[in-house]
Amino acid sequence: MEWLEIIKVRMGDSGGRRIDAGYLQQMKDALKRPASTLVNARMYNNVSVANDLVIVLTWRAPIPEPWGSDLASSLAHELKRYGLVDYSAWAGTD
């Protein structure tokens, strides 16, 4: 079964803390070295709200506890210093 974890970060306005490009690149590099059951990790910027960032983790494994994977939990915790973080997990319907 395939399932997704979605981590959305809404950073502060232009006066708030921004994720620096180097930090963002480090995060992307780390996500390119996936765990054995992590199929894909992608980052997206909102096209209409410059301060929104979404990370989508795609897994092919049994769904863990309702709070999700350790990786997503760590990412969400780390990203809280930049703004509001919303986490959700989604299971495939097939």
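Quick caveat, the model's predicted, so the values are computed rather than measured.

Draft legend 1. Spotlight on the sheet that holds strand S2 (residues 38-45). Strand order in the open sheet formed by four strands is S2-S3-S1-S4, and the pairing between neighbours is antiparallel. Each end of this open sheet is capped by a strand with a single partner; those strands are S2 and strand S4 (83-91). Ignoring strand direction, the axes of neighbouring strands in this sheet form an average angle of 15 degrees. The pairing of strand S1 (residues 2-11) with strand S3 (residues 52-60) spans nine bridges and is antiparallel. In the strand pairing of S3, Val 9 is matched with Leu 53.

Draft legend 2. Inspection of helix H2 (residues 70-79) at higher detail. If you check which residues of H2 are buried, you get Ala 72, Leu 75, Ala 76 and Leu 79. Buried residues of H2, seen end-on, are gathered within an arc of 95 degrees and therefore sit on one face of the element. Across H2 from its buried face, at more than 90 degrees, point the exposed residues Asp 70 and His 77.

Draft legend 3. Quick peek at the confidence of the model for the protein chain. Of all residues in the protein chain, 87% attain a pLDDT of 70 or more, and the chain-wide mean is 81. Taken element by element, the protein chain is modelled with least confidence in helix H1 (residues 21-31), mean pLDDT 73, and with most confidence in S4, mean pLDDT 92.

How each quantity is defined
Residues numbered from 1 in each chain as written. Predicted model: local features only at pLDDT ≥ 70, side-chain atom pairs only at ≥ 80, totals over all residues. Heavy atoms only, no water. Pairing = 2+ DSSP bridges. Helix = DSSP H or I, 4+ residues; strand = E, 2+ residues; numbered from the N terminus. Axes fitted to C-alpha atoms, helices over the stretch in contact; angles between N-to-C directions. Buried < 20%, exposed > 50% of the residue type's maximum accessible area, 1.4 Å probe, protein only. Arc of directions from axis to C-beta. pLDDT = per-residue confidence, 0-100.

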